[in-house]
Amino acid sequence: MVDDAISISVIDGEYFVFDIDAVKRLRNDHHIAGILVGTLPQVPQQSVFLGLPVQLMPEEAALLVQQGVARIIDESQSHEPILAIDPNDIDDATAGLKINEIESAGSESQGPLASYTTPAITTVDKLVLPDSSVNAIFETPRFHMYRYLHQNGYFISPGLRFGSHFLAYPGDPLRYHSHYLVRGVGYDEEFSLLDLVGSGRLGTGVKKAWMIGAHLPPDQQDKTTALRLPGAKVGEGRESSDEFVSFCVEWAGFG
Amino acid sequence: MASRVTGTPGGKIEWPFGAEIPASEQSRPTFGSDDLRDKAYNAANPQNNLANSDIACRVKRNLDLHHLWTDLSIHRVDVVTRESLPLLNDGQVVLVRGRPPDKLYSTDSYDEHDSPKQEWILPVRTESKWSVKRWVSVFESIAAYQGLAPERILMAMYTDDSTVVYYFVHWGLIKPRKN
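Now for a look at the structure at hand. (Residues numbered from 1 in each chain as written. Chains lettered and ligands numbered in written order. Predicted model: local features only at pLDDT ≥ 70, side-chain atom pairs only at ≥ 80, totals over all residues. Heavy atoms only, no water.)

**Here we look at the overall build of chain B**
Working step 1: Along chain B, the regular secondary structure elements total four helices and six strands.
Working step 2: In chain B, the succession of helices and strands from N to C terminus is α-α-α-β-β-β-β-α-β-β.
Working step 3: Counting only residues that meet the buried cut, chain B has 50% of its 179 residues in that class.
Working step 4: Restricting to contacts in chain B with at least 6 residues of sequence separation, those with at least 24 account for 55%.
Working step 5: About 9600 Å² of surface is accessible on chain B, with carbon and sulfur atoms providing 54% of the total. (Helix = DSSP H or I, 4+ residues; strand = E, 2+ residues; numbered from the N terminus. Buried < 20%, exposed > 50% of the residue type's maximum accessible area, 1.4 Å probe, protein only. Contact = heavy atoms within 4.5 Å. Areas by Shrake-Rupley, 256 points an atom, 1.4 Å probe, with all protein chains shown as cover.)

In C-alpha coordinates form, the structure reads like this:
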(Lines give C-alpha, C1' and ligand atoms only; values in the text may rest on other atoms or scores of the structure.)
Protein backbone atom coordinates (compact mmCIF):
# COMPACT_ATOMS: atom_id res chain seq x y z
CA MET A 1 0.00 0.00 0.00
CA VAL A 2 1.47 3.31 -1.01
CA ASP A 3 1.65 6.05 1.56
CA ASP A 4 -0.48 8.50 -0.33
CA ALA A 5 -3.39 6.10 -0.60
CA ILE A 6 -6.75 7.82 -0.49
CA SER A 7 -8.73 7.09 2.65
CA ILE A 8 -12.31 6.08 2.02
CA SER A 9 -14.40 6.00 5.18
CA VAL A 10 -17.10 3.40 5.38
CA ILE A 11 -20.02 4.41 7.55
CA ASP A 12 -23.00 2.08 7.81
CA GLY A 13 -22.03 0.40 4.55
CA GLU A 14 -21.68 3.62 2.58
CA TYR A 15 -18.44 5.09 1.30
CA PHE A 16 -17.26 8.66 1.89
CA VAL A 17 -14.21 10.77 1.18
CA PHE A 18 -13.65 13.65 3.60
CA ASP A 19 -10.38 15.03 2.26
CA ILE A 20 -10.64 17.71 -0.42
CA ASP A 21 -7.24 16.85 -1.85
CA ALA A 22 -8.34 13.26 -2.25
CA VAL A 23 -11.53 14.44 -3.94
CA LYS A 24 -9.44 16.49 -6.39
CA ARG A 25 -7.19 13.55 -7.11
CA LEU A 26 -10.15 11.25 -7.71
CA ARG A 27 -11.65 13.70 -10.17
CA ASN A 28 -8.48 14.70 -12.01
CA ASP A 29 -6.48 11.48 -12.05
CA HIS A 30 -9.12 8.77 -11.81
CA HIS A 31 -12.17 10.44 -13.41
CA ILE A 32 -14.31 9.63 -10.43
CA ALA A 33 -16.52 12.55 -9.41
CA GLY A 34 -18.70 11.09 -6.68
CA ILE A 35 -21.54 13.03 -5.18
CA LEU A 36 -21.16 15.89 -2.70
CA VAL A 37 -23.47 15.08 0.18
CA GLY A 38 -22.33 17.31 3.04
CA THR A 39 -24.73 20.01 4.09
CA LEU A 40 -24.55 22.80 6.70
CA PRO A 41 -25.12 21.81 10.32
CA GLN A 42 -27.20 24.98 10.82
CA VAL A 43 -29.32 24.41 7.72
CA PRO A 44 -29.51 20.67 7.34
CA GLN A 45 -32.53 20.72 5.04
CA GLN A 46 -31.02 22.77 2.26
CA SER A 47 -29.65 20.73 -0.62
CA VAL A 48 -28.66 23.48 -3.02
CA PHE A 49 -25.14 24.01 -1.78
CA LEU A 50 -23.55 20.75 -0.79
CA GLY A 51 -19.95 20.23 0.23
CA LEU A 52 -17.75 17.58 1.73
CA PRO A 53 -17.90 14.70 2.22
CA VAL A 54 -18.13 13.12 -1.21
CA GLN A 55 -20.04 9.90 -1.30
CA LEU A 56 -18.81 7.14 -3.58
CA MET A 57 -20.77 4.26 -4.98
CA PRO A 58 -19.67 0.84 -3.66
CA GLU A 59 -18.34 0.02 -7.14
CA GLU A 60 -16.13 3.12 -7.08
CA ALA A 61 -14.70 2.27 -3.69
CA ALA A 62 -14.10 -1.32 -4.75
CA LEU A 63 -12.37 -0.32 -7.98
CA LEU A 64 -10.08 2.14 -6.19
CA VAL A 65 -9.10 -0.54 -3.71
CA GLN A 66 -8.54 -3.02 -6.52
CA GLN A 67 -6.23 -0.55 -8.25
CA GLY A 68 -4.31 0.08 -5.03
CA VAL A 69 -5.29 3.75 -5.07
CA ALA A 70 -7.37 3.75 -1.91
CA ARG A 71 -7.91 1.97 1.36
CA ILE A 72 -11.07 1.55 3.36
CA ILE A 73 -11.26 3.05 6.86
CA ASP A 74 -13.76 1.76 9.35
CA GLU A 75 -15.14 5.06 10.58
CA SER A 76 -17.20 3.59 13.41
CA GLN A 77 -14.08 2.09 14.96
CA SER A 78 -12.26 5.38 14.67
CA HIS A 79 -14.87 6.96 16.87
CA GLU A 80 -14.05 4.65 19.76
CA PRO A 81 -10.85 6.40 20.91
CA ILE A 82 -12.66 9.71 20.98
CA LEU A 83 -15.65 8.35 22.88
CA ALA A 84 -13.26 6.77 25.35
CA ILE A 85 -11.91 10.15 26.42
CA ASP A 86 -12.71 11.06 30.01
CA PRO A 87 -15.04 14.09 29.94
CA ASN A 88 -12.85 15.74 32.54
CA ASP A 89 -9.95 15.64 30.14
CA ILE A 90 -11.95 16.89 27.21
CA ASP A 91 -10.11 20.18 26.98
CA ASP A 92 -6.76 18.46 26.89
CA ALA A 93 -8.01 16.06 24.32
CA THR A 94 -9.36 18.70 22.01
CA ALA A 95 -6.19 20.70 22.51
CA GLY A 96 -4.32 17.66 21.34
CA LEU A 97 -6.46 17.39 18.24
CA LYS A 98 -6.28 21.12 17.85
CA ILE A 99 -6.81 22.20 14.51
CA ASN A 100 -4.17 23.50 12.21
CA GLU A 101 -6.40 26.48 11.99
CA ILE A 102 -4.84 29.87 11.73
CA GLU A 103 -1.45 28.75 10.52
CA SER A 104 -2.45 28.04 6.96
CA ALA A 105 -4.80 30.99 6.79
CA GLY A 106 -2.57 33.11 4.58
CA SER A 107 -5.10 35.67 3.51
CA GLU A 108 -6.71 38.00 6.03
CA SER A 109 -9.78 38.48 3.93
CA GLN A 110 -10.92 34.91 4.32
CA GLY A 111 -10.43 34.82 8.05
CA PRO A 112 -9.90 31.79 10.19
CA LEU A 113 -13.09 30.05 9.10
CA ALA A 114 -11.91 29.76 5.54
CA SER A 115 -8.97 27.69 6.55
CA TYR A 116 -10.73 25.62 9.13
CA THR A 117 -10.21 21.99 8.45
CA THR A 118 -11.77 19.07 10.16
CA PRO A 119 -9.25 17.64 12.60
CA ALA A 120 -7.73 14.68 10.93
CA ILE A 121 -7.96 11.48 12.87
CA THR A 122 -4.64 9.75 12.77
CA THR A 123 -5.06 6.68 10.68
CA VAL A 124 -3.83 3.87 12.80
CA ASP A 125 -3.42 0.50 11.17
CA LYS A 126 -6.21 -1.24 13.01
CA LEU A 127 -8.83 1.08 11.55
CA VAL A 128 -7.88 0.18 8.00
CA LEU A 129 -10.09 -2.61 6.79
CA PRO A 130 -8.40 -5.30 4.73
CA ASP A 131 -8.87 -5.00 0.98
CA SER A 132 -10.98 -8.12 1.16
CA SER A 133 -13.77 -6.08 2.75
CA VAL A 134 -14.88 -5.06 -0.74
CA ASN A 135 -14.48 -8.51 -2.28
CA ALA A 136 -18.21 -9.12 -2.33
CA ILE A 137 -18.64 -6.24 -4.76
CA PHE A 138 -16.24 -7.59 -7.38
CA GLU A 139 -18.45 -10.36 -8.70
CA THR A 140 -21.60 -8.32 -9.16
CA PRO A 141 -22.80 -7.50 -12.70
CA ARG A 142 -22.90 -3.84 -11.65
CA PHE A 143 -19.20 -3.89 -10.83
CA HIS A 144 -18.25 -5.51 -14.12
CA MET A 145 -20.24 -2.86 -15.95
CA TYR A 146 -18.74 -0.10 -13.85
CA ARG A 147 -15.20 -1.25 -14.48
CA TYR A 148 -15.79 -1.65 -18.21
CA LEU A 149 -17.06 1.91 -18.54
CA HIS A 150 -14.35 3.28 -16.27
CA GLN A 151 -11.64 1.58 -18.31
CA ASN A 152 -13.12 3.24 -21.37
CA GLY A 153 -12.68 6.65 -19.79
CA TYR A 154 -16.24 7.44 -18.82
CA PHE A 155 -17.31 9.40 -15.76
CA ILE A 156 -20.03 7.42 -14.06
CA SER A 157 -22.74 8.63 -11.74
CA PRO A 158 -25.69 6.88 -10.11
CA GLY A 159 -28.51 6.19 -12.54
CA LEU A 160 -31.56 6.36 -10.34
CA ARG A 161 -32.84 9.53 -11.99
CA PHE A 162 -33.38 7.56 -15.17
CA GLY A 163 -34.23 4.26 -13.57
CA SER A 164 -30.94 2.59 -14.43
CA HIS A 165 -27.85 1.49 -12.56
CA PHE A 166 -25.53 4.24 -13.82
CA LEU A 167 -25.28 7.22 -16.10
CA ALA A 168 -22.13 7.35 -18.21
CA TYR A 169 -20.62 10.69 -19.22
CA PRO A 170 -17.97 11.02 -21.96
CA GLY A 171 -16.13 13.58 -19.80
CA ASP A 172 -16.51 15.53 -16.61
CA PRO A 173 -20.24 15.74 -15.77
CA LEU A 174 -19.85 19.49 -15.32
CA ARG A 175 -19.00 19.78 -19.02
CA TYR A 176 -20.92 16.98 -20.72
CA HIS A 177 -24.36 15.47 -20.83
CA SER A 178 -24.44 11.76 -20.23
CA HIS A 179 -24.51 9.43 -23.20
CA TYR A 180 -25.85 6.24 -21.70
CA LEU A 181 -28.37 4.95 -19.23
CA VAL A 182 -26.51 1.90 -18.07
CA ARG A 183 -27.64 -1.44 -16.73
CA GLY A 184 -25.30 -4.26 -15.81
CA VAL A 185 -26.66 -7.79 -15.96
CA GLY A 186 -25.38 -11.33 -15.82
CA TYR A 187 -24.64 -12.93 -19.19
CA ASP A 188 -27.52 -15.35 -18.75
CA GLU A 189 -29.76 -13.07 -16.72
CA GLU A 190 -33.20 -12.56 -18.17
CA PHE A 191 -34.77 -9.14 -18.29
CA SER A 192 -38.19 -8.09 -19.43
CA LEU A 193 -38.60 -6.70 -22.92
CA LEU A 194 -40.92 -4.12 -21.42
CA ASP A 195 -37.87 -2.78 -19.55
CA LEU A 196 -36.16 -2.48 -22.90
CA VAL A 197 -39.12 -0.64 -24.41
CA GLY A 198 -39.48 1.73 -21.47
CA SER A 199 -35.80 2.48 -20.97
CA GLY A 200 -35.10 2.65 -24.67
CA ARG A 201 -37.86 5.15 -25.26
CA LEU A 202 -36.89 7.22 -22.24
CA GLY A 203 -33.24 7.24 -23.24
CA THR A 204 -33.94 8.26 -26.83
CA GLY A 205 -36.29 10.96 -25.55
CA VAL A 206 -33.45 12.56 -23.58
CA LYS A 207 -30.83 12.03 -26.32
CA LYS A 208 -29.15 9.11 -24.65
CA ALA A 209 -28.91 5.42 -25.43
CA TRP A 210 -29.86 2.62 -23.09
CA MET A 211 -26.79 0.50 -22.65
CA ILE A 212 -26.84 -3.00 -21.26
CA GLY A 213 -23.92 -5.32 -20.92
CA ALA A 214 -22.55 -8.38 -19.23
CA HIS A 215 -19.26 -9.93 -18.26
CA LEU A 216 -18.56 -12.91 -20.50
CA PRO A 217 -17.94 -16.24 -18.82
CA PRO A 218 -14.36 -17.38 -19.59
CA ASP A 219 -15.50 -20.09 -22.02
CA GLN A 220 -17.42 -17.52 -24.07
CA GLN A 221 -14.70 -14.96 -24.43
CA ASP A 222 -13.70 -15.96 -27.94
CA LYS A 223 -17.12 -14.89 -29.19
CA THR A 224 -16.59 -11.17 -29.22
CA THR A 225 -13.36 -11.57 -31.14
CA ALA A 226 -15.14 -13.67 -33.72
CA LEU A 227 -17.95 -11.15 -34.00
CA ARG A 228 -15.78 -8.07 -34.13
CA LEU A 229 -16.57 -6.32 -37.34
CA PRO A 230 -13.73 -6.04 -39.81
CA GLY A 231 -13.17 -2.37 -40.49
CA ALA A 232 -16.60 -1.43 -39.24
CA LYS A 233 -17.10 1.89 -37.61
CA VAL A 234 -17.21 1.55 -33.87
CA GLY A 235 -18.78 4.24 -31.81
CA GLU A 236 -16.32 6.65 -30.30
CA GLY A 237 -13.44 4.36 -31.06
CA ARG A 238 -14.47 1.84 -28.48
CA GLU A 239 -16.10 -1.52 -28.58
CA SER A 240 -16.80 -4.54 -26.51
CA SER A 241 -13.67 -5.94 -24.95
CA ASP A 242 -12.85 -9.61 -24.87
CA GLU A 243 -14.25 -10.04 -21.39
CA PHE A 244 -17.27 -7.81 -21.71
CA VAL A 245 -20.07 -7.53 -24.21
CA SER A 246 -22.37 -4.56 -24.42
CA PHE A 247 -25.35 -3.46 -26.48
CA CYS A 248 -26.88 -0.04 -27.00
CA VAL A 249 -30.63 0.20 -27.45
CA GLU A 250 -32.40 3.13 -29.05
CA TRP A 251 -35.88 3.70 -30.33
CA ALA A 252 -35.86 3.16 -34.08
CA GLY A 253 -37.73 6.39 -34.75
CA PHE A 254 -40.94 4.72 -35.94
CA GLY A 255 -43.53 2.38 -34.50
CA MET B 1 -55.94 10.78 -50.06
CA ALA B 2 -58.88 11.90 -52.13
CA SER B 3 -61.47 9.38 -51.05
CA ARG B 4 -62.40 9.10 -47.42
CA VAL B 5 -64.83 7.12 -45.37
CA THR B 6 -67.77 9.47 -45.16
CA GLY B 7 -71.00 9.37 -43.29
CA THR B 8 -73.27 11.25 -40.93
CA PRO B 9 -73.56 10.41 -37.23
CA GLY B 10 -75.98 7.54 -36.88
CA GLY B 11 -76.25 7.23 -40.63
CA LYS B 12 -74.91 4.67 -43.02
CA ILE B 13 -71.18 4.66 -43.54
CA GLU B 14 -70.12 4.55 -47.14
CA TRP B 15 -67.18 2.39 -48.00
CA PRO B 16 -65.27 4.28 -50.67
CA PHE B 17 -63.34 1.41 -52.20
CA GLY B 18 -66.20 -0.54 -53.74
CA ALA B 19 -67.54 -3.91 -52.78
CA GLU B 20 -64.71 -5.97 -54.11
CA ILE B 21 -61.08 -5.91 -53.07
CA PRO B 22 -59.17 -5.44 -56.30
CA ALA B 23 -57.35 -8.47 -57.58
CA SER B 24 -54.06 -6.65 -57.38
CA GLU B 25 -54.53 -6.23 -53.65
CA GLN B 26 -55.47 -9.83 -53.12
CA SER B 27 -52.23 -11.17 -54.40
CA ARG B 28 -49.63 -8.89 -52.91
CA PRO B 29 -46.56 -11.00 -53.39
CA THR B 30 -44.66 -9.33 -50.58
CA PHE B 31 -46.46 -11.06 -47.76
CA GLY B 32 -49.13 -13.43 -49.01
CA SER B 33 -46.93 -16.35 -49.91
CA ASP B 34 -44.86 -16.18 -46.74
CA ASP B 35 -48.03 -15.99 -44.70
CA LEU B 36 -49.31 -19.21 -46.16
CA ARG B 37 -45.99 -20.94 -45.86
CA ASP B 38 -45.67 -20.00 -42.21
CA LYS B 39 -49.18 -21.12 -41.42
CA ALA B 40 -48.49 -24.47 -43.01
CA TYR B 41 -45.16 -24.66 -41.28
CA ASN B 42 -46.64 -23.92 -37.87
CA ALA B 43 -49.47 -26.38 -38.41
CA ALA B 44 -46.92 -29.06 -39.19
CA ASN B 45 -44.83 -28.12 -36.16
CA PRO B 46 -47.27 -27.65 -33.25
CA GLN B 47 -44.37 -27.59 -30.78
CA ASN B 48 -43.30 -24.42 -32.52
CA ASN B 49 -46.00 -22.26 -31.00
CA LEU B 50 -43.58 -20.26 -28.95
CA ALA B 51 -41.32 -19.60 -31.89
CA ASN B 52 -41.35 -16.28 -33.60
CA SER B 53 -42.18 -17.52 -37.09
CA ASP B 54 -45.85 -16.60 -36.82
CA ILE B 55 -45.18 -13.07 -35.68
CA ALA B 56 -42.39 -12.64 -38.21
CA CYS B 57 -44.87 -12.39 -41.04
CA ARG B 58 -47.06 -10.01 -39.06
CA VAL B 59 -44.06 -7.80 -38.42
CA LYS B 60 -43.18 -8.04 -42.07
CA ARG B 61 -46.70 -6.99 -43.02
CA ASN B 62 -46.52 -4.08 -40.58
CA LEU B 63 -43.27 -2.90 -42.12
CA ASP B 64 -44.70 -3.33 -45.60
CA LEU B 65 -48.09 -1.66 -45.24
CA HIS B 66 -47.60 0.73 -42.32
CA HIS B 67 -44.01 1.83 -42.59
CA LEU B 68 -43.64 1.41 -46.37
CA TRP B 69 -40.52 -0.72 -46.32
CA THR B 70 -39.45 -2.53 -49.45
CA ASP B 71 -37.47 -5.64 -50.44
CA LEU B 72 -38.93 -7.49 -47.46
CA SER B 73 -38.12 -11.13 -46.97
CA ILE B 74 -38.31 -13.71 -44.22
CA HIS B 75 -35.23 -15.72 -43.32
CA ARG B 76 -34.85 -18.87 -41.29
CA VAL B 77 -31.46 -18.54 -39.74
CA ASP B 78 -29.75 -21.46 -38.05
CA VAL B 79 -28.95 -20.63 -34.46
CA VAL B 80 -25.29 -21.25 -33.78
CA THR B 81 -25.49 -21.49 -30.01
CA ARG B 82 -28.74 -23.33 -29.62
CA GLU B 83 -29.10 -23.55 -25.88
CA SER B 84 -29.19 -19.80 -25.65
CA LEU B 85 -32.49 -19.51 -27.48
CA PRO B 86 -34.71 -22.03 -25.74
CA LEU B 87 -37.85 -20.64 -27.34
CA LEU B 88 -36.90 -22.04 -30.70
CA ASN B 89 -37.43 -25.77 -30.91
CA ASP B 90 -36.41 -26.15 -34.51
CA GLY B 91 -32.94 -24.73 -34.05
CA GLN B 92 -33.73 -21.74 -36.18
CA VAL B 93 -34.66 -18.15 -35.55
CA VAL B 94 -36.94 -16.38 -37.98
CA LEU B 95 -35.75 -12.95 -39.03
CA VAL B 96 -37.12 -10.34 -41.37
CA ARG B 97 -34.93 -8.40 -43.73
CA GLY B 98 -35.94 -5.27 -45.55
CA ARG B 99 -35.12 -1.81 -46.73
CA PRO B 100 -36.52 1.28 -44.99
CA PRO B 101 -38.06 4.04 -47.12
CA ASP B 102 -35.27 6.38 -46.04
CA LYS B 103 -32.15 6.34 -43.86
CA LEU B 104 -33.01 5.60 -40.25
CA TYR B 105 -30.05 7.59 -38.95
CA SER B 106 -28.92 10.87 -40.40
CA THR B 107 -25.38 9.50 -40.20
CA ASP B 108 -26.19 6.32 -42.15
CA SER B 109 -24.76 5.95 -45.61
CA TYR B 110 -26.60 4.86 -48.75
CA ASP B 111 -25.71 1.74 -50.67
CA GLU B 112 -24.29 1.72 -54.21
CA HIS B 113 -27.76 2.35 -55.69
CA ASP B 114 -28.38 5.40 -53.49
CA SER B 115 -30.90 3.42 -51.48
CA PRO B 116 -30.97 3.05 -47.71
CA LYS B 117 -29.21 -0.10 -46.60
CA GLN B 118 -31.14 -3.22 -45.65
CA GLU B 119 -31.79 -3.98 -42.00
CA TRP B 120 -32.20 -7.20 -40.05
CA ILE B 121 -35.32 -7.32 -37.91
CA LEU B 122 -35.74 -9.73 -35.03
CA PRO B 123 -39.44 -10.22 -34.20
CA VAL B 124 -40.24 -11.00 -30.57
CA ARG B 125 -43.28 -10.94 -28.36
CA THR B 126 -43.40 -8.05 -25.90
CA GLU B 127 -44.12 -10.29 -22.96
CA SER B 128 -41.11 -12.51 -23.49
CA LYS B 129 -37.84 -12.24 -21.62
CA TRP B 130 -34.52 -11.54 -23.16
CA SER B 131 -30.86 -11.75 -22.18
CA VAL B 132 -27.48 -10.52 -23.36
CA LYS B 133 -26.58 -14.09 -24.27
CA ARG B 134 -29.51 -14.28 -26.69
CA TRP B 135 -28.44 -11.10 -28.44
CA VAL B 136 -24.94 -12.48 -28.81
CA SER B 137 -26.48 -15.63 -30.22
CA VAL B 138 -28.59 -13.71 -32.75
CA PHE B 139 -25.65 -11.58 -33.93
CA GLU B 140 -23.53 -14.70 -34.14
CA SER B 141 -26.18 -16.55 -36.14
CA ILE B 142 -26.61 -13.68 -38.59
CA ALA B 143 -22.83 -13.52 -38.97
CA ALA B 144 -22.74 -17.21 -39.84
CA TYR B 145 -25.75 -16.85 -42.19
CA GLN B 146 -24.51 -13.97 -44.30
CA GLY B 147 -20.78 -14.21 -43.60
CA LEU B 148 -20.62 -10.79 -41.99
CA ALA B 149 -21.59 -9.70 -38.50
CA PRO B 150 -24.18 -6.92 -38.53
CA GLU B 151 -23.44 -3.66 -36.73
CA ARG B 152 -26.98 -3.50 -35.48
CA ILE B 153 -30.33 -5.19 -35.69
CA LEU B 154 -33.84 -3.94 -35.21
CA MET B 155 -35.90 -5.67 -32.58
CA ALA B 156 -39.62 -5.66 -33.36
CA MET B 157 -41.76 -6.03 -30.25
CA TYR B 158 -45.14 -7.43 -31.16
CA THR B 159 -48.24 -7.36 -28.99
CA ASP B 160 -51.67 -8.85 -29.51
CA ASP B 161 -53.27 -5.38 -29.51
CA SER B 162 -51.77 -4.77 -32.97
CA THR B 163 -49.01 -2.51 -31.70
CA VAL B 164 -45.54 -3.15 -33.03
CA VAL B 165 -42.61 -1.11 -31.72
CA TYR B 166 -39.13 -1.12 -33.17
CA TYR B 167 -35.86 -0.65 -31.32
CA PHE B 168 -32.29 -0.61 -32.53
CA VAL B 169 -29.89 -2.95 -30.81
CA HIS B 170 -26.32 -1.92 -31.57
CA TRP B 171 -23.31 -4.10 -30.99
CA GLY B 172 -21.01 -2.30 -28.59
CA LEU B 173 -20.95 1.36 -27.70
CA ILE B 174 -22.32 3.87 -30.16
CA LYS B 175 -22.69 7.60 -29.99
CA PRO B 176 -26.30 8.44 -29.13
CA ARG B 177 -28.30 9.66 -32.10
CA LYS B 178 -28.73 13.34 -32.74
CA ASN B 179 -32.38 14.16 -33.13
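**Focus: the overall build of chain A**
Working step 1: Helix and strand counts for chain A stand at nine helices and twelve strands.
Working step 2: Out of the 255 residues belonging to chain A, those deemed buried represent 42%.
Working step 3: Summarising the internal contacts of chain A: among those between residues at least 6 apart in sequence, 61% fall at separations of at least 24.
Working step 4: As displayed, chain A offers around 13800 Å² of accessible surface, 54% of which is attributable to carbon and sulfur atoms.

**Let's talk about the interface of chain A and chain B**
Working step 1: Counting from both sides, the interface comprises 49 residues of chain A and, opposite them, 43 residues of chain B.
Working step 2: Contact between chain A and chain B buries roughly 4100 Å² in total, counting both sides, with carbon and sulfur atoms accounting for 68%.
Working step 3: Where chain A packs against chain B, one counts two salt bridges.
Working step 4: A salt bridge links Glu190(A) to Arg134(B); the nearest nitrogen and oxygen atoms lie 2.7 Å apart.
Working step 5: At the boundary of chain A and chain B, one finds 13 residue pairs in polar contact (both at pLDDT 80 or more).
Working step 6: Elements supplying a minimum of two residues to the side of chain A that touches chain B: β10 (191-192), α8 (193-205), β11 (209-215), α9 (222-227) and β12 (244-251) of chain A.
Working step 7: One ladder, built from five bridges, connects β12(A) with strand β6 (residues 164-171) of chain B; its direction is antiparallel. Bridge pairing in β6(B) links Trp251(A) to Tyr167(B). (Buried area = accessible area lost by both parts, 1.4 Å probe. Salt bridge = Lys/Arg side-chain N within 4 Å of Asp/Glu carboxyl O. Polar contact = N/O pair within 3.5 Å; in protein donor to acceptor, adjacent residues only side chain to side chain. Pairing = 2+ DSSP bridges.)

**Thoughts on the pattern of salt bridges**
Working step 1: Inspection of every chain in the model, using the stated rule, returns nine salt bridges over all chains.
Working step 2: Between Arg142(A) and Glu59(A) there is a salt bridge; the shortest N-O distance is 2.9 Å. On the criterion of sequence distance, the pair formed by Arg142(A) in helix α7 (residues 141-151) and Glu59(A) in helix α2 (residues 58-66) is long-range, its members being 83 residues apart.
Working step 3: Bridged by salt links that share partners, the residues Asp71(B), Arg99(B) and Asp111(B) form one connected network.

**Things to note about a nonpolar patch on the surface**
Residues and elements named next belong to chain A.
Working step 1: A cluster of nonpolar side chains, Ile20, Leu36, Leu50 and Leu52, forms an exposed patch at the surface whose accessible area comes to about 300 Å².
Working step 2: In this structure, Ile20 sits in helix α1 (residues 20-30).
Working step 3: Take Ile20: its relative accessible area is 43%, and that puts it in the partly exposed class. (Patch = residues over 30% accessible without salt bridge, like charges linked within 9 Å, V, L, I, M, F, W, Y side chains within 5 Å.)

**Focus: the pairing of strand β5 (residues 70-74) of chain A**
Successive residues of a regular strand alternate their side chains across the two faces of the sheet.
All names here are of chain A.
Working step 1: Most of β5 sits inside the fold, with five of its five residues counted as buried.
Working step 2: Because side chains alternate across β5, one face comprises the buried residues Ala70, Ile72 and Asp74, and the other comprises Arg71 and Ile73, equally buried.
Working step 3: Summarising the sheet, β5 and strand β6 (residues 128-129) pair through two bridges and their orientation is antiparallel. The residue bridging Ile72 from the neighbouring strand is Leu129, located in β6.

**Describing the sheet that holds strand β3 (residues 119-125) of chain B**
Think of a sheet as strands paired side by side through backbone hydrogen bonds, with each pair either parallel or antiparallel.
Working step 1: Spatially, β7(A)-β8(A)-β9(A)-β11(A)-β12(A)-β6(B)-β5(B)-β3(B)-β2(B)-β1(B) is the arrangement adopted by the ten strands of the open sheet, whose pairing is mixed. In this open sheet, the two strands that pair with only one neighbour each are β7 (155-158) of chain A together with β1 (70-78) of chain B. Strand-to-strand twist across the sheet, computed as the mean angle between neighbouring axes with direction ignored, equals 30 degrees.
Working step 2: Relative to strand β9 (residues 180-184) of chain A, strand β8 (residues 166-169) of chain A runs antiparallel, the two sharing three bridges. The residue of β9(A) that forms the bridge with Ala168(A) is Tyr180(A).
Working step 3: Here α7(A) sits on the sheet in contact with β7, β8, β9, β11 and β12 of chain A, set at roughly 110 degrees to β11(A). (Axes fitted to C-alpha atoms, helices over the stretch in contact; angles between N-to-C directions.)

**Structural notes on the side chain of Asp111(B)**
Residues and elements named next belong to chain B.
Working step 1: Relative to the assigned elements, Asp111 resides in the loop between β2 (92-99) and β3.
Working step 2: With a relative accessible area of 15%, Asp111 lands in the buried category.
Working step 3: Among the polar contacts listed, one links the side chain of Asp111 to the backbone nitrogen of His113, at a separation of 3.0 Å.
Working step 4: Residues contacting Asp111, with those up to four places away along its chain left out, are Arg99, Pro116 and Lys117.

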